[in-house]
Amino acid sequence: MTSAVNGTTDSPPAVPADRGTCPFAPPPTYEQVHRTAGPISRVSLWDGSPCWLLTGHRQARFALGDRRFSADARLPGFPFLLPGRRELVLRTTPTFLRMDDPAHARQRRLLTGDFIIKRVEAMRPQIQQIVDQALDRMVAHGGPADLVREYALPVPSLVICLLLGVPYRDHEFFQEQSQALLSLSATAAEVEVAQQQLNSYLAELAGRKQREPDDSLLGRLVVRDDVTLEEAAALGVLLLIAGHETTANMTALGTLALLRNPQQAERLRSDPSLIKGAVEELLRYLTIVHLGVPRVALEDVEIDGTLIRAGDGVLCMVSTANRDEAVFTGAERLDVARDARHHLAFGFGIHQCLGQPLARAELQIALQTLLDRLPGLRLAVPFEEIRYRTDMAVYGVHELPVTW
Ligand code: HEM
């Protein structure tokens, strides 16, 4: 039973929760808690420890934008969704994703220049070429094809390799490691091995670039006096993982959402000017960072009359925030013409996604090109047979068999 006052649930739901029947919607438990207990509620993590769940748009945005909520996973109270991960974090040197300012700002500043809109806009012809070539290859192989393997994954993977200066020929190695890193069923020991393999790979590459500098992002990082080789390698790992898993899953799941909403796909085909807004709407509607964005309170903070105490863990549930009717009317509908710009799919505040201009450009080009070039695109298996990434930290589909 759940009472209708913020923060009071008699039997707190477990996090993470199961998905319901609609694979595009957040777990029904969260939506139910949001409706009955309000946008701030208490939930239980895997070990029974309590955590605040912020399901409303305003509340999640508030916490993400307020420096009294820390992203430092080494602090006591920081919420972990799986066993062994806290100990693992304590053994690992963090990157700015899990740091607070000023350390966060220092590392982020090392990279911002490569992700500003102007730089990304200049990459559009190269991205278009990568997209066209991947599609040419898929079409040449003939349908049915797995869109994930042949299109959604190679495109962002090739782009981030190009930007970072990582040889794409090694993609099987780093994609395998990143699967282990993001798998919810991997043990902490397996995650640690994958992490170490990626770190050594990037450290070796960074060492080579130090001896033979090039103009790639990593090549420019390793020649700086204020960046150690280890730091450059760790940033390389972060960008490599964040740079392709997320966009790949948005491309594949976004394609599936459009195939299930053929009128929306048709609108995009007939009016290409809608693509920018459509990508924002798909980001909102699908919210692939589905486990929430974790924070811990540094001091007592009151949100909407609920007192969150220093040391309390908080999960900003951006998936339900992006379906908050107070901000998005008819939120359960995919509407490519909607103004979805205020979604929280890229987070909010100082940690708001660094790669968002790149992700946007890749998604706009990949989805528009796919729709234009393959007007007969359709699923090659019944919808019910699609396997979803409920077992991974980044949501999406494991495969997407299509034909055209
Ligand atoms: C941060 C989502 C693509 C690099 C974040 C955060 C979210 C997110 C929710 C905030 C995490 C937090 O506050 O704790 C996404 C989604 C993407 C995407 C949905 C694609 C659709 C990318 C790409 C890159 C990237 C393409 C790099 C090439 C990063 C980095 C951070 C970040 C470095 C940490 C920023 C910081 O802590 O200041 N992303 N991301 N992301 N993302 Fe992305």
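Residues numbered from 1 in each chain as written. Predicted model: local features only at pLDDT ≥ 70, side-chain atom pairs only at ≥ 80, totals over all residues.

An unreviewed UniProt entry annotates the protein as Cytochrome P450 of Kitasatospora cystarginea.

Undergrad: I tried to follow the overall build of the protein on my own but got confused; where do I start?
TA: Helix and strand counts for the protein stand at 15 helices and 10 strands. The C-alpha atoms of the protein give 21 Å as radius of gyration, which agrees with the globular expectation for 404 residues (22 Å, within 12%). C-alpha extents for the protein along the principal axes are approximately 60 × 55 × 35 Å. Each of the 404 residues in the protein was classed as buried or not, and the buried ones make up 41%. Nonlocal contacts in the protein, meaning residues at least 24 apart in sequence, comprise 72% of its contacts between residues at least 6 apart. (Helix = DSSP H or I, 4+ residues; strand = E, 2+ residues; numbered from the N terminus. Rg over C-alpha atoms; globule rule 2.2 N^0.38 Å. Buried ≥ 20, exposed ≤ 12 C-beta atoms within 10 Å, placed from the backbone. Contact = placed C-beta atoms within 7 Å.)

Undergrad: Is there a simple way to think about the site of the ligand in this case?
TA: Neighbouring the ligand are 24 residues; G243, G347, H351, C353 and G355 lie closest to it. Elements that contribute at least two residues to the shell around the ligand include exactly α11 (229-260) and α15 (356-373). Take the shell around the ligand: its biggest share by element is seven residues, from α11. (Near = placed C-beta within 6 Å.)

Undergrad: Any chance you could explain the sheet that holds strand β10 (residues 401-403) here in plain terms?
TA: Across a sheet, paired strands are connected by hydrogen bonds in the backbone, their directions being either parallel or antiparallel. What the three strands build is an open sheet, ordered β4-β10-β9; its pairing is antiparallel. Across the chains shown, the open sheet's two edge strands, defined by having one partner strand only, are β4 (145-146) and β9 (378-379). Both β9 and β10 contribute to a ladder of two bridges, which runs antiparallel. Directly across from L379, in β10, lies its bridge partner V402. (Pairing = 2+ DSSP bridges.)

Undergrad: Which parts of the structure should I look at to understand the pairing of strand β1 (residues 40-44)?
TA: Consecutive residues of a regular strand have side chains that alternate between opposite faces of the sheet. Relative to strand β2 (residues 50-54), β1 runs antiparallel, the two being bridged by five bridges. Counted as the bridge partner of S41 is L53 from β2. Once β1 ends, the chain turns through five residues before running back antiparallel as β2, passing G48 with a positive phi of about 85°.

Undergrad: Just checking my understanding: could you explain the confidence of the model for the protein for this structure?
TA: It should be kept in mind that the predicted coordinates are not to be read in detail where pLDDT is low. Across the protein, pLDDT averages 94, with 97% of residues at or above 70. Overall fold confidence for the complex sits at a pTM of 0.96, while the interface term, ipTM, reaches 0.99. (pLDDT = per-residue confidence, 0-100.)

Undergrad: Just checking my understanding: could you explain the packing of α11 against α15 for this structure?
TA: Describing two packed helices takes the angle between their axes plus the distance from one axis to the other. Interhelical geometry of α11 versus α15 gives an angle of 35° and a closest axis separation of 10 Å. Two packed elements cross with a definite hand, and for α11 against α15 that hand is right-handed. Facing α11, whose interface residues are T246, T247, M250, T251, G254 and T255, α15 presents A359, E362, L363, A366, L367 and L370. Considering only residue class, the contact of α11 with α15 consists of six nonpolar, five polar and one charged. (Axes fitted to C-alpha atoms, helices over the stretch in contact; angles between N-to-C directions. Left-handed = near helix turned anticlockwise from the far one by under 90°. Nonpolar A, V, L, I, M, F, W, Y, C, P; charged D, E, K, R; others polar.)

Undergrad: I keep staring at the sheet that holds strand β5 (residues 293-297) and nothing clicks. Help me out?
TA: Strands sit in the order β1-β2-β8-β5-β3 across an open sheet of five strands; the sheet is mixed. Of all the strands in the sheet, just β1 and β3 (69-70) have a single pairing partner and so form its edges. Of the strand pairs in this sheet, β2 and strand β8 (residues 313-316) are connected by three bridges, and their pairing is parallel. If you follow L54 over to β8, its bridge partner there is C316. Contacting β1, β2, β3, β5 and β8, helix α2 (residues 57-65) runs over the sheet at an angle of about 125° to β8.

Undergrad: Got a minute to help me understand helix α12 (residues 262-270) in this structure?
TA: Because the α-helix completes a turn every 3.6 residues, residues three or four places apart line up on one side. Residues of α12 that are buried: Q264, A265 and L268. Buried positions in α12, seen along its axis, are confined to an arc of 100° and lie on one side of it. What points out from α12, more than 90 degrees from its buried face, is the exposed set P262, Q263 and S270. Looking at the buried side of α12, the elements it contacts are α11, α13 (275-286) and α15. (Arc of directions from axis to C-beta.)

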